Amino acid sequence: MMQEILKLIRERQSTRSPFDMTRSIAKQDLEQILEAGSWAPTAHNMQNFEMIVVDDPNLLAMIGKIKNPISIEFIKENYQQLSFSEDELNQKKVGILATRFPTAWRNPDATIDELMAEDRSLPPSPTMLIMVYDPGKRAPASEGDFLGIISLGCATENMWLMAEALGIGFHIVSSLGEGPAEKEVKRILGIPDSLKIVYAIRLGYPVSGPDKYLRVRRQVKDFSHHNRYGSKGLK
Ligand SMILES: Cc1cc2nc3c(=O)[nH]c(=O)nc-3n(C[C@H](O)[C@H](O)[C@H](O)COP(=O)(O)O)c2cc1C
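Rules of the game
- Residues numbered from 1 in each chain as written.
- Predicted model: local features only at pLDDT ≥ 70, side-chain atom pairs only at ≥ 80, totals over all residues.
- Heavy atoms only, no water.
- Helix = DSSP H or I, 4+ residues; strand = E, 2+ residues; numbered from the N terminus.
- Buried < 20%, exposed > 50% of the residue type's maximum accessible area, 1.4 Å probe, protein only.
- 1 Å grid on protein atoms, 1.4 Å probe; cavity = no way out; pocket = protein on both sides within 12 Å on 5 of 7 lines; lining within 4 Å.
- Points joined across faces, edges and corners; volume = space filled by probe spheres on them.
- Nonpolar A, V, L, I, M, F, W, Y, C, P; charged D, E, K, R; others polar.
- Near = heavy atom within 4 Å.
- Polar contact = N/O pair within 3.5 Å; in protein donor to acceptor, adjacent residues only side chain to side chain.
- Areas by Shrake-Rupley, 256 points an atom, 1.4 Å probe, with all protein chains shown as cover.
- Sits in = over half its atoms within 2 Å of the grid points.

On to unusual backbone geometry. Unlike most non-glycine residues, Lys93 shows phi in positive territory, near 65°. Relative to the helices and strands, Lys93 resides in the loop between helix 5 (86-92) and strand 3 (96-97). Overall, Lys93 belongs to the partly exposed group, its relative accessible area being 25%. Even without being glycine, Asp145 reaches a positive phi, approximately 50°.

This is the structure:
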């Protein structure tokens, strides 16, 4: 059982490839994914989230057309997380392979025109989950609702693991929770202005099998400290 849980956790991954639009996700599977989210730990058990399940093709098409201007700030910070070869990524053990991003995104000095020229359209998916929360509430005494926001991550991970167990691809799309794109998604789905979109999640079955790519992690001995900060690894 323990080994199976660890296997599921290790195999969970981002699936950024196009999903098969002829294969919808069964209602029962969606319910299980949402129920997994509902059992997540949240600060003060506040469960400060709502999930909008979108599977209406017209709405998906409208969301798919949204263009979100990309910022120079994003490009510069994104660049810091890039590796330019598998060897480099294997050594760093954090970050993402640059080849997974459009060419202009790999250049910290890219101009807005170069960035805007890239095709940023979302790969198709038969279902999207839009996760929202109410920033008007906060976990008690939690500055910036730090604890409440962490709780959203807990709910996301539970749903992600359930999707993985069901063989359903899962892809977080943060850009739909920012700037003009967020406004547009709210307009399309009738989400009240007072709520904040955390992100959108694409769900579906990859058209051409599992999306395989190099995934790296730091080793436990590299981030754990025993009894005293700096005493690396479990003794
Ligand atoms: C809060 C959060 C936001 C993320 N936003 C995006 C995103 O906008 N686009 C994307 O392709 N992946 C996004 N990801 C996925 C991460 O890039 C991914 O989890 C990380 O690179 C590790 O890869 P893995 O999920 O395959 O293990 C996000 C993940 C988290 C937890």
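Okay, back to it.
The probe, sized like a water molecule, is rolled over the atoms to show the empty space still left. As a volume, the largest pocket reaches approximately 1,200 Å³. Lining the largest pocket are 34 residues; nearest its centre among them are Phe101, Trp105, Arg120, His171 and Ser175. Of all elements in the fold, only helix 3 (57-64), helix 4 (72-80), helix 6 (112-117) and strand 5 (169-173) reach the threshold of two or more residues within the lining of the largest pocket. The leading source of residues in the lining of the largest pocket is strand 5, at three residues. Grouping the amino acids of the lining of the largest pocket by side-chain chemistry returns 17 nonpolar, ten polar and seven charged.

Our focus in this paragraph is the site of the ligand. In the region of the ligand, 14 residues are neighbours, and Ser14, Arg16, Ser174, Tyr213 and Arg217 sit closest. One nitrogen or oxygen atom from the side chain of His171 is found 2.9 Å from an oxygen atom belonging to the ligand. Residue Tyr213 places a side-chain N or O atom 2.4 Å away from an oxygen atom belonging to the ligand. Expressed as a share of its isolated accessible area of 620 Å², the protein-covered part of the ligand is 64%. Judged by its atoms lying within 2 Å of the grid points, the ligand is housed in the largest pocket. For the shell around the ligand, the element with the most residues is strand 5, which contributes three residues. When grouped by side-chain class, the residues that make up the shell around the ligand number six nonpolar, four polar and four charged.

Remember, this is a structural readout, not a statement about activity or role.
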